[in-house]
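Report on the structure
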Amino acid sequence: MNILAIETSCDETAISLVRATGEFPVAHYEIQGNAIFSQIDIHAEYGGVFPTMAKREHAARITQLSQQVLKEAELLESGPTVLTDTQTQKIAALLDREPQLTERLFEFLAAYERPDIDMIAVTTGPGLEPALWVGVNFAKALAIAWNIPVAPVNHMEGHILASLYDVVEDEHLAAVRFPALALLVSGGHTELIHMPDWGDYHKIGQTRDDAVGEAFDKVARLLGLPYPGGPALSKLAAKARKESVPAYKSDMPRPMRDSGDLDFSFSGIKTSVRYAIADKTLSGDDKQALARDFEDAVVEVLVHKTLAAINKHQIQTVIIGGGVSANQYLRDQLQQTLHTEHPDCELYLPRVDLSTDNSIMIALAGHAKAAKASNVAAAQLFRADGNLSL
Ligand code: KG4
Ligand code: ZN
């Protein structure tokens, strides 16, 4: 099965072609084509992602990126894709408010035959709604043009499956033992998900305010680091650890560490960093120390709550996902702690390039739902939902 995956929930336009062999979860995957355009440089100037700008950038690039991916996968033959008047009208109506995208898509369809694709997987949420709509409408338009079913994908389910991409290369997903626990840590989410089985998700903990990635980004900003701050802050922290720089703030709070439930809170820690800096001028060492003090505290809370969830639900497998799972210190601490406290518990970490937003994870999550993928008519009812929950 050839899956075209589309992800536009935030500031990356990500398209891929993944070939799936077998039925989920006894399946193998091969990436045949993959392209990702990051808008980070465009948004960095403003210190965050602007939804309308993100939408415009997705619309400007999505057709060309899809063409590039299909070419890489060797699925493009000079065309055209022959469209009936009804198909043409439907596509034009769908993309009514995107004249540039409409023009590019019709040009693309006129240039190439229908490629050998079996399904389109597209992120429908959560994320920035204007950005999500670009991917959703583009998927609907391709579905009409090529008569292909579409699977709507929850971005967070994608983050869960991302860490399982490498597993499938030698064994496959059928080897995963349940109940599993997913720790999802991204720019918009911090959640603990209890999974009795594939596709069965129960949120057992979540942040009550900021997401952990958001806290990384805000503290990084206080330290004068460029957006998105997570990776830069983490680099400083690693340096401080290596050079044993003494603490800048030895009483950094561990918010909700001992709250007895599985919820999180990260806005207080950001505030306490702000107070610690106040109107001081920080030296290079101060910044490193503060980055390390912050990362220590945040990672300690994440690991502590993960352990609590493992104990409470007799977890056999821990999966982590989301941009913050790229964090090396979090990876190391989770690995070490599980090794000593729960040696029988399997830990799945995503490949670093599959930790942050990508479309490979959307293809995997789409494949998990392949049997239920909607036909072209039903797919036209999909809506982007910025607040979609697992
Ligand atoms: O999953 P993701 O790419 O996008 C969302 O769905 O939100 O996550 C982005 C978040 C950002 O907050 C970014 O700063 C954070 O992941 N991040 C990191 C690291 N790499 C990315 N945070 C800490 N350490 C990292 N190495
Ligand atoms: Zn994400």
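The structure contained in this document is the topic of the report that follows. Note that the structure is predicted; figures quoted are calculated from it, not measured.

As a further point, take the packing of aromatic side chains. Applying the stated criterion across every chain, the model contains seven aromatic pairs. Ring geometry for Phe108 versus Trp146: centroids 6.1 Å apart, planes at 65 degrees, classification edge-to-face. On the criterion of sequence distance, the pair formed by Phe108 in helix α4 (residues 99-111) and Trp146 in helix α5 (residues 129-146) is long-range, its members being 38 residues apart. Of the two residues examined, Phe108 and Trp146, each falls in the buried class. Taken together through their ring pairs, the aromatic side chains of Phe24, Phe178 and Trp198 make up a single cluster. Geometry around Phe37 places Arg61 over its ring, the cationic atom sitting 3.8 Å from the centre. Stacked on the ring of Tyr329, the Lys or Arg Arg241 has its end atom at 3.5 Å from the ring centre.

Quick look at unusual backbone geometry now. Cis geometry is found at the peptide bond from Gly125 to Pro126, where omega equals -10 degrees. With respect to the secondary-structure elements, Pro126 resides in the loop between β4 (119-125) and α5. With an omega of 0 degrees, the peptide bond between Phe178 and Pro179 qualifies as cis. Its place among the elements puts Pro179 in the loop between α7 (167-170) and β6 (180-185). The residue Asn147 is not glycine, and still its phi comes out positive at about 55 degrees. Along the chain, Asn147 turns up in the loop between α5 and β5 (150-154). Phi is positive for Gln314, close to 45 degrees, though the residue is something other than glycine. Position of Gln314 among the secondary structure elements: in the loop between α11 (284-313) and β9 (317-321). Judged by relative accessible area, which is 57%, Gln314 ranks as exposed.

Looking at where Thr190 falls in the secondary structure, it is placed in strand β7 (residues 190-197). Thr190 sits in the buried class, given a relative accessible area of 1%. For Thr190, the side chain forms a polar contact with the main-chain nitrogen of Val212, separated by 2.8 Å.

It is worth spelling out the coordination of the zinc ion (ligand 2) at this point. For a metal with four tetrahedral donors the ideal donor-metal-donor angle is 109.5 degrees, whereas six octahedral donors ideally subtend 90 or 180 degrees. The coordination sphere of the zinc ion (ligand 2), as far as protein atoms go, consists of His155 (NE2), His159 (NE2) and Asp357 (OD), spread over 2.0 to 2.1 Å. Donor residues binding the zinc ion (ligand 2) come from one chain and are separated in sequence as H-x3-H-x197-D. Of the two residues, His155 sits in helix α6 (residues 155-162) while Asp357 sits in the loop between β10 (346-348) and α13 (360-368), which places them 202 residues apart along the sequence. Using a relative accessible area of 15% as the deciding quantity, one classes Asp357 as buried.

Definitions and limits used
Residues numbered from 1 in each chain as written. Chains lettered and ligands numbered in written order. Predicted model: local features only at pLDDT ≥ 70, side-chain atom pairs only at ≥ 80, totals over all residues. Heavy atoms only, no water. Phe/Tyr/Trp six-rings, centres within 6.5 Å; stacked < 30°, edge-to-face > 60°. Helix = DSSP H or I, 4+ residues; strand = E, 2+ residues; numbered from the N terminus. Buried < 20%, exposed > 50% of the residue type's maximum accessible area, 1.4 Å probe, protein only. Lys NZ or Arg CZ within 6 Å of the ring centre and 35° of its normal. Polar contact = N/O pair within 3.5 Å; in protein donor to acceptor, adjacent residues only side chain to side chain. Donors = N, O, S within 2.8 Å, 3.2 Å for Na, K, Ca; no water.

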